[in-house]
Amino acid sequence: MAEETKKSIDPATIQMLEKAARDGCRVVFDRAESTKACPIGAEGNCCSICAMGPCRVPVPKGREETPEQKKNRTGVCGATAETIAARNFARKIAAGAAAHGDHGRKVTDMFIAAAKGEAPGYEIKDEQKLLQLALELGVTIGDRSNNEIALDVGEILRAEFGKQEGELLMLKRAPLKRQELWRKLGIAPRGIDREIVETMHRTHMGVDQDYQDLLHIGSRCALADGWGGSMIATELQDVMFGTPTPTHSQINLGVMDKDAVNVIIHGHEPALAEMLAVVSQDPEMIEYAKSKGASGINLAGMCCTANEVLMRHGLPIAGNFLQQELAIVTGALEAMIVDVQCIMQGIVDVAQCYHTKIITTDARAKIQGATHIEFIEHDAIESAKSILRAAIDNFPNRSGEVLIPDVKADLIAGFSHETINYLLGGMYRASYRPLNDNIINGRIRGVAGVVGCNNARTTHDDAHLTMVKELIKNDVLVIQTGCSAMALAKAGLMVPEAAALYAGPGLAEVCETVGIPPVLHLGACIDNSRILMAATAMVKEGGLGDDISDLPAAGAAPEWMSEKAITIGQYFVASGVFTVFGVNFPTTGSKEVSDFLFKDMEDMYGGKWAFEPDPLEAARLMIEHIDKKRKALGIDKARERVLYDMAMRRELE
Amino acid sequence: MDYVIEEKPAPGRDKVEVLGATFEPGKPEGAERGRWRQKMASREEKLRYLENGERYWYGKDWFGSEKRKTPA
Ligand code: SF4
């Protein structure tokens with residue numbers, strides 16, 4: 001038990017780790033113990049991009065390096081430790097941008113197919129969001145049908161991926177000063193794919209060998225994600241599936257039901273999950289489940305797909321990244337249906353200890369040992385039904401102990417930029433004004449985006465929870481996405497009542513007035529673009545400077561693990577946000593590269609990176625940064641708005 | 001949204017016509033609590049909301065705190 005509590009702070013996770021041990025089943029937490037991380041690679045000091053290597057160039061431990069030794073610490077080709085670390089870093093950015101970009105492209109293709117009427121089951125659900133995009137992209141509205149407008153919108157946005165020159169259209173959403181800066185620095189992305197390809201080219205053996213230049217083009221590539229691939233995905237998903245609005249649901253492994261056919265949808269793209277949400281309600285499918293002896297169908301999500309369907313359908317979440325194998329360990333999971341990203345290959349091995357079927361559904365992501373049933377968007381309903389049928393057919397194969405932890409929490413999710421704007425201002429004058437005013441008068445100290453993954457190298461959920469609690473205690477409003485949001489939801493911080501329990505007095509007062517939790521769930525990782533929009537809206541509303549870098553705001557990913565997290569971090573930094581990462585940092589092997597990211601970038605972008613594995617210390621850094629910005633804005637002293645009556649006015653005169 | 005005009009007494013002016021409540025009676029329950037976008041029925045209403053509510057981007061005569069003579 002003591003060992004387990006070092007692995008996770010989540011009681012459901014601890015219970016399942018104990019069961020896995022009893023069942024003799026090896027999970028990610030065990031693998032993390034037996035497979036030690038390579039210390040040279042962890043610091044970005046290993047290059048394997050050509051066959052003269054891999055070359056390892058670690059900093060000597062425990063002694064000062066002479067200039068001569070430093071000069072000789074290179075790869076076979078002469079690449080310095082700086083070049084190697086910067087190249088590795090830029091490649092991570094490219095990989096993350098590719099993942100989000102390809103997600104965005106797939107959504108765009110589907111959107112166009114839906115507009116053409118070639119994807120039955122999918123439609124334009126949110127006309128308002130469609131009109132918003134049409135206004136932005138200059139698409140004629142008039143009396144045209146939604147599908148006609150959508151087709152034009154879809155074609156314009158699809159062209160963003162392969163665009164060769166100019167700049168991405170959604171950059172125009174950013175604060176004007178930020179746009180000017182990107183242009184001046186030459187990092188306004190031209191096309192999504194182009195920036196990814198160029199980053200891959202420039203990091204190939206023997207091309208760009210100037211670490212500062214490499215990190216700079218990494219910024220352009222990252223911006224092509226944040227203000228490109230990710231933003232397009234979010235917007236078109238909103239049009240097709242609905243812009244999220246506050247929704248109540250439940251989270252953690254306790255949402256599984258021992259009597260029902262349990263199906264978990266895990267991955268990132270919402271197309272299949274949306275359709276499964278529909279067909280799992282189909283009386284014919286429910287009857288089919290009953291014919292196999294089950295009480296019904298219980299569909300839950302995991303990872304970012306879960307966030308997508310949670311925000312739009314209130315579907316429960318079974319857990320975050322490190323719980324994917326543990327849902328199988330319950331012995332009650334009939335099928336885990338996966339698409340792309342963050343799916344551990346280990347689930348196939350774990351499934352062999354139990355009866356769970358792992359079903360891959362995307363042509364881009366197959367796993368040896370899993371069952372592949374491809375999801376065909378053009379025949380979505382039938383396709384989703386056949387996948388669900390395979391899950392139901394597996395119900396009679398349950399054997400061994402079924403143990404579902406009796407642990408779950410309530411949460412409210414669905415705070416899109418549009419909804420925040422509406423909640424704060426109402427239908428007739430939607431506005432961020434109340435937020436800005438409360439930041440100016442000091443009730444809210446600032447805003448922090450805490451996002452990202454789980455990482456088996458650190459105690460599961462602990463850093464997220466510790467950091468966020470510290471932030472809200474200090475009156476910092478926290479906005480969240482991804483697995484980080486799930487960690488806080490599991491701990492009960494995503495309900496309005498949490499404000500009185502955990503938030504500082506100023507933040508609690510605002511939360512109680514508006515009726516929101518102190519920690520807002522903005523969606524999946526792809527929806528970090530919503531945070532960019534919220535930050536931009538705060539700037540445009542006025543009173544807090546005229547760029548994102550002026551805002552009393554900070555970002556963090558305390559338990560990050562994926563390349564996408566690095567891309568997100570870099571687009572936040574290049575958008576002007578101070579961003580702290582925990583666990584480890586892939587450039588610490590090069591002082592020059594780290595200094596460039598941790599210090600010099602602030603002079604260029606107004607935002608910079610920091611690395612701090614202690615979540616309390618990281619929160620302190622964020623608060624310090626927020627206070628620095630408050631001081632620069634001249635709002636470092638709490639001030640109440642004074643309403644002048646006539647006598648006071650006369651006195652003025 | 002249908003606007004209701006109400007008559008109210010006004011000091012020194014007997015009665016005046018004012019715009020009545022624009023909120024719905026009662027308290028929304030369950031999933032309805034979060035649904036606000038569905039309240040806008042017509043395309044005109046949606047466009048009007050965008051021009052006003054999302055005025056930083058779509059308002060014709062309002063550019064937020066960044067209004068400036070020379071565009072960036
Ligand atoms: S590119 Fe240079 S540093 Fe990298 S593996 Fe090849 S020789 Fe080694």
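Parameters and conventions
- Residues numbered from 1 in each chain as written.
- Chains lettered and ligands numbered in written order.
- Predicted model: local features only at pLDDT ≥ 70, side-chain atom pairs only at ≥ 80, totals over all residues.
- Heavy atoms only, no water.
- Axes fitted to C-alpha atoms, helices over the stretch in contact; angles between N-to-C directions.
- Helix = DSSP H or I, 4+ residues; strand = E, 2+ residues; numbered from the N terminus.
- Parallel < 35°, antiparallel > 145°, perpendicular 65-115°, else oblique.
- Contact = heavy atoms within 4.5 Å.
- Pairing = 2+ DSSP bridges.
- Buried < 20%, exposed > 50% of the residue type's maximum accessible area, 1.4 Å probe, protein only.
- Core = buried A, V, L, I, M, F, W, Y, C linked by side-chain atoms within 4.5 Å.
- Salt bridge = Lys/Arg side-chain N within 4 Å of Asp/Glu carboxyl O.
- Polar contact = N/O pair within 3.5 Å; in protein donor to acceptor, adjacent residues only side chain to side chain.
- 1 Å grid on protein atoms, 1.4 Å probe; cavity = no way out; pocket = protein on both sides within 12 Å on 5 of 7 lines; lining within 4 Å.
- Points joined across faces, edges and corners; volume = space filled by probe spheres on them.
- Nonpolar A, V, L, I, M, F, W, Y, C, P; charged D, E, K, R; others polar.

1. Let's talk about the packing of helix 8 (residues 146-162) of chain A against helix 10 (residues 192-202) of chain A
In a packed pair of helices, the relevant descriptors are the angle between the two axes and the axis-to-axis distance. Residues and elements named next belong to chain A. Look at helix 8 against helix 10: their axes get within 3 Å of each other, and the N-to-C directions meet at 15°. In terms of axis orientation, helix 8 runs roughly parallel to helix 10. Between helix 8 and helix 10, the contacting residues are Glu160, Phe161 and Gly162 on the first element and Ile192, Asp193 and Arg194 on the second.

2. Quick look at the sheet that holds strand 15 (residues 578-581) of chain A
Residues and elements named next belong to chain A. The six strands are arranged 13-12-11-14-15-16 in an open sheet whose pairing can be described as parallel. Each edge of the sheet is formed by a strand with only one pairing partner; in this case those strands are strand 13 (519-521) and strand 16 (609-611). Taking each pair of neighbouring strands and ignoring which way they run, the sheet shows an average axis angle of 25°. As defined by bridge partners, strand 15 adjoins strand 16 across three bridges and the pair is classed as parallel. When the sheet's bridge partners are listed, Thr579 is paired in strand 16 with Trp609.

3. Some thoughts on helix 19 (residues 433-440) of chain A
For helix 19 of chain A, the full list of buried residues reads Leu435, Asn436, Asp437, Asn438 and Ile439 of chain A. Where helix 19 of chain A is buried, its residues meet helix 18 (417-425), strand 11 (446-450), strand 12 (476-480), helix 23 (505-514), helix 24 (528-541) and helix 27 (615-633) of chain A.

4. Overview of the nonpolar core
Residue and element names in this part refer to chain A. Ranked by size, the top nonpolar core spans 177 residues in total, and within it Tyr122, Val153, Leu471, Trp609 and Met622 carry the most contacts. In terms of residue count, the dominant contributor to this core is helix 11 (residues 211-241) (15 residues). With near-sequence residues (within four places) excluded, Val153 lies in contact with Phe111, Leu130, Leu133, Ala134, Leu137, Val139 and Leu236. Of all hydrophobic cores here, the second largest spans 39 residues; its members include Ile264, Ala300, Leu322 and Ile343.

5. Considering the interface of chain B and chain A
Across the contact, 27 residues belong to chain B and 45 residues belong to chain A. There are four salt bridges connecting chain B and chain A. Residues Glu541 of chain A and Arg55 of chain B are paired through a salt bridge, measuring 3.8 Å at the closest nitrogen-oxygen approach. Inspection of the region where chain B meets chain A yields 15 residue pairs in polar contact (both at pLDDT 80 or more). Elements with a contribution of two residues or more to the side of chain B that touches chain A: helix 1 (43-53) and helix 2 (55-58) of chain B.

6. Topic: empty space enclosed by the protein
Unfilled space is identified by rolling a water-sized probe across the atoms. Residues and elements named next belong to chain A. Enumeration over the complete set of coordinates arrives at five cavities of 30 Å³ or more. Here the largest cavity is characterised by a volume of approximately 150 Å³. Along the wall of the largest cavity there are 18 residues; nearest its centre are Gly452, Cys453, Cys525, Ser562 and Ala565. Counting residues per element, the ones that place at least two in the lining of the largest cavity are helix 14 (303-313) and helix 25 (563-574). Class assignment of the residues belonging to the lining of the largest cavity gives a composition of 13 nonpolar, four polar and one charged. Space inside the second largest cavity adds up to approximately 110 Å³. As for the second largest cavity, its lining consists of 13 residues, and the residues nearest its centre are Lys106, Glu269, Ala271, Leu272 and Glu377. Mapped by element, the contributors of at least two residues to the lining of the second largest cavity are helix 6 (81-115) and helix 12 (270-279).

Keep in mind these values describe shape, not function.
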